[in-house]
Amino acid sequence: MDEKLPLAIVSDIACPWCFIGKARLEAALARNGLTERVAITWLPYELNPEMPEEGMDRAQYLDSKFGPGKRREIEVRLSEAALESGVTFNWTRVTRSVNTRMAHMLVAAASTVQRGGDMTAALFKAYWQDGRDIGDLETLIQIAVEQGFDEQAARDELANDELRETVIGLEDHARQVGVTGVPFFIIDGKLAVSGAQPPEVWEQVFQQVAAQRQQAEMPQF
């Protein structure tokens, strides 16, 4: 792969499997010496687009979605999967289910200066490990400043109706092309991978992409 491999990742910050999937992909890239040879684009997806702007109590939300008493079972399963990937969740701090629209806007704004990956990583950590309310405007402003962005510029971006409509449009497009769950990965513009796949699966994907690119470069007779 002489040129950087384009890799689009459709995800939601409020999706724990997206956090795990990110770590598994990064492990696979490092294992195969590809970390600096991919160009990652982060695309928005809201698992709960109808979530109130102020969010809601996480226990209440999980009870309503999966049934009473399922929260502990879900968290144990996620923690076990996360440990294999070097990811940790701090469940005692994650007390709110959040509306992630503004968080996606912040990632989109950071992406215009090639910092979308840094912002995504910061938001995953802020929510799943530090228990911060990433649906809250002031919290997002603070995270942006921590990442080296100008405070007023961050406020302007999060109040930008055009940026908001862009994010909504990207989410709508993902659903229109058949994305029904995240994480969802699009490699080289043509190969799709769904779910938080382990590094072994990613190795097979990279081999397939390399073979396809090699075949495309062969002279046609």
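Let me begin by describing the structure that accompanies this report. Every value quoted in this text rests on a predicted model; they were computed, and no experiment measured them.

The end-to-end C-alpha distance of helix H5 (residues 116–129), which contains 14 residues, comes to 19 Å, matching closely the 20 Å that a straight helix rising 1.5 Å per residue would cover. Here H5 has its buried residues at Gly116, Met119, Thr120, Ala122, Leu123, Phe124, Ala126, Tyr127 and Trp128. Once H5 ends, the next one or two residues include Gly131, with phi positive near 70°.

Turning next to unusual backbone geometry. Looking along the chain, the bond that leaves Val182 and enters Pro183 is cis, with omega of 5°. As for its position among the elements, Pro183 is in the loop between helix H8 (161–176) and strand E5 (184–187). One non-glycine residue with positive phi stands out, namely Asp188, at about 60°. Along the chain, Asp188 turns up in the loop between E5 and strand E6 (191–194). Residue classification places Asp188 among the buried positions, given a relative accessible area of 14%.

Here the focus is the pairing of strand E1 (residues 5–11). Counting buried residues along E1, six of its seven residues qualify, which places the element largely inside the surrounding structure. By the bridge criterion, seven bridges tie E1 to strand E2 (residues 38–44) in an arrangement that is parallel. Bridge pairing in E2 places Leu7 opposite Ile40. Since E1 and E2 lie parallel, the crossover through helix H1 (residues 16–31) that links them has a hand, and here it is right-handed. One ladder, built from four bridges, connects E1 with E5; its direction is antiparallel.

In this section: the packing of H5 against helix H6 (residues 137–146). The packing of two helices is summarised by the inter-axis angle and the distance between the axes. In the contact formed by H5 and H6, the axes pass within 10 Å of each other and the chain directions differ by 130°. One finds that H5 runs oblique with respect to H6. Crossing angle aside, the handedness with which H5 passes H6 is right-handed. In contact with Met119, Ala122, Leu123 and Ala126 of H5, H6 contributes Leu140, Ile143 and Ala144. Counted by class, the contact of H5 with H6 contains seven nonpolar, no polar and no charged residues.

Attention now moves to the packing of aromatic side chains. All chains considered together, the criterion is met by eight aromatic pairs. Seen from their ring centres, Phe89 and Trp91 are 4.7 Å apart, and the 15° between their planes marks the pair as stacked. Just as Phe89 is buried, Trp91 falls in that class too. Look at Phe89 and Trp128: their rings are 5.3 Å apart centre to centre, the planes differ by 85°, and that puts the pair in the edge-to-face class. Remark: Trp128 occurs in helix H5 and Phe89 occurs in the loop between helix H3 (71–83) and strand E4 (96–97); sequence separation between them is 39 residues. A network of ring pairs unites the aromatic residues Phe19, Phe89, Trp91, Phe124, Tyr127 and Trp128 as a single cluster. Its end group placed over the ring of Tyr45, Arg175 keeps NZ or CZ at 4.4 Å from the ring centre.

What follows deals with the nonpolar core. By size, the foremost hydrophobic cluster in this structure holds 63 residues, and its most contacted members are Phe89, Leu123, Ile134, Ile187 and Trp202. Aside from chain neighbours lying at most four places away, what touches Trp202 is Arg24, Leu25, Ala28, Phe185, Ile187, Val193 and Gln197.

For the rest of this paragraph, the subject is the sheet that holds E2. With mixed pairing, four strands are arranged side by side in an open sheet as E2-E1-E5-E6. Where the open sheet ends on each side, the last strands, each with one partner, are E2 and E6. On average, each strand axis in the sheet is tilted by 20° relative to the strand beside it, whichever way the strands run.

How each quantity is defined
Residues numbered from 1 in each chain as written. Predicted model: local features only at pLDDT ≥ 70, side-chain atom pairs only at ≥ 80, totals over all residues. Heavy atoms only, no water. Helix = DSSP H or I, 4+ residues; strand = E, 2+ residues; numbered from the N terminus. Expected span 1.5 Å × (residues − 1). Buried < 20%, exposed > 50% of the residue type's maximum accessible area, 1.4 Å probe, protein only. Pairing = 2+ DSSP bridges. Right-handed = clockwise from strand over helix to strand, strands pointing away. Axes fitted to C-alpha atoms, helices over the stretch in contact; angles between N-to-C directions. Parallel < 35°, antiparallel > 145°, perpendicular 65-115°, else oblique. Left-handed = near helix turned anticlockwise from the far one by under 90°. Contact = heavy atoms within 4.5 Å. Nonpolar A, V, L, I, M, F, W, Y, C, P; charged D, E, K, R; others polar. Phe/Tyr/Trp six-rings, centres within 6.5 Å; stacked < 30°, edge-to-face > 60°. Lys NZ or Arg CZ within 6 Å of the ring centre and 35° of its normal. Core = buried A, V, L, I, M, F, W, Y, C linked by side-chain atoms within 4.5 Å.

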